[in-house]
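Listed here are the chains, written in short residue letters.
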Amino acid sequence: MNIRAVLGVDYDTGIEMVGEIGKVAIELEHRPDIDIRWTGLRIPMTTHTAGDVITELDFLLIDRIDEIARSHGAR
């Protein structure tokens, strides 16, 4: 099971967001897979070290990603 962020943004904005998400991921020591597309980002969230289940850390990271997405006008 996983939760997935699907963020609708143009490619250039998505690349900017990946940098910001990366900084947060390093800060939290929780590094998600990020799928960069022409029309947005897809970020599936699970904790691999916990057996690919959702943990509190996933929810914390997704909240931070949501903040980043809002600041960039993502849909």
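Criteria and cut-off values
- Residues numbered from 1 in each chain as written.
- Predicted model: local features only at pLDDT ≥ 70, side-chain atom pairs only at ≥ 80, totals over all residues.
- Heavy atoms only, no water.
- Helix = DSSP H or I, 4+ residues; strand = E, 2+ residues; numbered from the N terminus.
- Rg over C-alpha atoms; globule rule 2.2 N^0.38 Å.
- Contact = heavy atoms within 4.5 Å.
- Areas by Shrake-Rupley, 256 points an atom, 1.4 Å probe, with all protein chains shown as cover.
- Lys, Arg positive; Asp, Glu negative; His and termini not counted.
- Charge placed at Lys NZ, Arg CZ, Asp CG, Glu CD.
- Core = buried A, V, L, I, M, F, W, Y, C linked by side-chain atoms within 4.5 Å.
- Buried < 20%, exposed > 50% of the residue type's maximum accessible area, 1.4 Å probe, protein only.

S.K.: Quick rundown of the overall build of the protein chain? Include the residues and the values.
M.R.: Secondary structure summary: the protein chain contains two helices and three strands in total. For the protein chain, the sequential pattern of α-helices and β-strands runs β-α-β-β-α. Taking 75 residues into account, the globule formula puts the C-alpha radius of gyration at 11 Å, and the protein chain, at 12 Å, falls close to it. For the protein chain, the C-alpha atoms occupy an extent of roughly 35 × 20 × 15 Å along the three principal directions. Pairs at least 24 apart in sequence give 66% of the contacts found in the protein chain among residues at least 6 apart. Of the accessible surface of the protein chain, which amounts to about 4700 Å², a share of 52% is contributed by carbon and sulfur atoms. Considering the protein chain, the positive charge centre built from 8 side chains and the negative charge centre built from 14 side chains are found 4 Å apart.

S.K.: Explain unusual backbone geometry to me, using residue names and the numbers behind them.
M.R.: Residues other than glycine seldom take positive phi values, yet Glu-29 does so here, at roughly 55°. Its place among the elements puts Glu-29 in the loop between α1 (11–28) and β2 (35–37).

S.K.: Explain the nonpolar core to me, and be specific about the residues and the numbers.
M.R.: Core analysis: the largest hydrophobic core is formed by 15 residues, its most contacted members being Leu-7, Met-17, Ile-21, Ile-43, Met-45, Leu-61 and Ile-65. Looking at this core, the element that brings in the most residues is helix α2 (residues 56–71), giving five residues. Those residues in contact with Leu-61 that sit more than four places away from it in its chain are Val-24, Ala-25, Leu-28, His-30, Pro-32 and Met-45.

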